[in-house]
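# Descriptive analysis of the structure
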Amino acid sequence: MGGGTALVLGGGGLAGIGWETGILHGLAEAGVDLSDADLVVGTSAGSVVGAQLASGLLTLRELYERQLGEPAGEAVASLGAGNLARYAFALLRSRDPRAYRRRVGALALAADTGEEAARREVLARRLVSHEWPRRRLVVTAVDALSGEFKAFDRASGAGLVDAVSASCAVPQVWPPVTVGGRRFIDGGVRSSANADVAAGYRRVVVIAPLPMGTGIVPSPAAQAAALRRAGAKVALIKPSAQARKAFGRNVLDPSRRDPAARAGLAQAAAHAAEVRGVWSD
C-alpha cells in the first residue's frame, strides 16, 4: 500500500454536480478540506467537479456559490423510459462488462443526439480552466466502439475540455466525443464512480451521487470494499434521503442543481468525523 490521499467523485448529472460541490464545501466548513487530495478521480458529473476543484482557481465556497440560482445556458435533458429499457436489455444480453459497454456504445453511436461541437461548448463553460491542473486529475470515459475503459490525465494527450466532455457523454442523451480519432462515452457506463482508479492510495474518500451497481457494473460500495481489503482507509458518502428528494426524478435537469447543492451542504456535517478519520493520520 502506497501513500497519499485520493478523492473520488462519481457521476450524477447536474444534480450530482451541485450535491458534490455542496458536500465538499460543507466538509471544508466543518474543518475537513479535501481540495488538497494527491489524486482526484472524476466520472461524468464528478469530472466537472474534479476539474473545477483541481484547478485551484476558486475556493470551495466560490465553487458552491456557482451552483446556486437559476441555471443559464443548460438544456433540460432526460434519459427516458425507452433509453433505460435499452440499457437494461444490453445488460441482460451481456456476459461480461466489456461486452455490455460495447452494446451501450453502439446505442450511443446510433442515437441522434445533436452536434458534438455544441455540447463541447456547454462543458467548456462549466469549467473554470481549460488546462490540466498540476494536481493529478484522472477523468474516466469508455471507448464507444471497443468498450475499453479510458483514464484520461495530463499525460494522455487529450485536452481537458475534450476529456471532461467525453466523461459526460451520457449515451443516448449527448453525442459521443471524439478524442484522438476515437469516440468516447460517459465513464459511468463502467461504474458510477470508478473508485478502483484510486487503488494504491492509502486514504480514499468516495463521493457517489448515484451509488447503484450490478455485477457487470460495480457499485461504489463494492469498489470501496475492495479498496479496504487492499489496506486503504475509505469513506463512502452517498446521498441522504433529503438529498435524494432534492435530486428529483431527473438528475439531468439543471433546475435540480441548486437544491442538490444546498442538500449536500446540509448533509456534509454528518460525515465530517468519519472523513476526518480517513483523511488524517
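Residues numbered from 1 in each chain as written. Predicted model: local features only at pLDDT ≥ 70, side-chain atom pairs only at ≥ 80, totals over all residues. Heavy atoms only, no water.

### Here we look at the UniProt feature "active site" (unreviewed entry) in the chain
Residues given the UniProt feature "active site" (unreviewed entry) here are Ser 44 and Asp 186. Spanning 143 residues, the annotated positions come together in the fold, the maximum distance between their C-alpha atoms being 6.0 Å. Taking the relative accessible area as the measure of exposure, Ser 44 reaches 8% and is therefore buried. Non-local contacts of Ser 44, meaning those with residues more than four positions away in its chain, are made with Gly 11, Ser 167, Cys 168 and Asp 186. Residue classification places Asp 186 among the buried positions, given a relative accessible area of 7%. (UniProt positions renumbered as here; feature names shortened; annotations may be inferred. Buried < 20%, exposed > 50% of the residue type's maximum accessible area, 1.4 Å probe, protein only. Contact = heavy atoms within 4.5 Å.)

### A look at the packing of helix α1 (residues 13-29) against helix α10 (residues 257-268)
Taken N-terminus to C-terminus, the directions of α1 and α10 make an angle of 30°; their axes are 6 Å apart at the nearest point. As far as their axial angle goes, α10 and α1 are roughly parallel. Classified by chirality, the crossing of α10 by α1 is right-handed. Here Leu 14, Ala 15, Gly 18, Trp 19, Gly 22, Ile 23, His 25, Gly 26 and Leu 27 of α1 come into contact with α10, specifically with Arg 257, Ala 260, Ala 261, Ala 263, Gly 264, Leu 265, Gln 267 and Ala 268. Residues belonging to the contact of α1 with α10 are distributed by class as follows: 10 nonpolar, six polar and one charged. (Axes fitted to C-alpha atoms, helices over the stretch in contact; angles between N-to-C directions. Helix = DSSP H or I, 4+ residues; strand = E, 2+ residues; numbered from the N terminus. Parallel < 35°, antiparallel > 145°, perpendicular 65-115°, else oblique. Left-handed = near helix turned anticlockwise from the far one by under 90°. Nonpolar A, V, L, I, M, F, W, Y, C, P; charged D, E, K, R; others polar.)

### Description of helix α7 (residues 160-167)
In an α-helix, one full turn covers 3.6 residues, which means residues spaced three or four apart are oriented alike. Most of α7 is tucked away, with seven of its eight residues classed as buried. Within the sequence span of α7, burial applies to Leu 160, Val 161, Ala 163, Val 164, Ser 165, Ala 166 and Ser 167.

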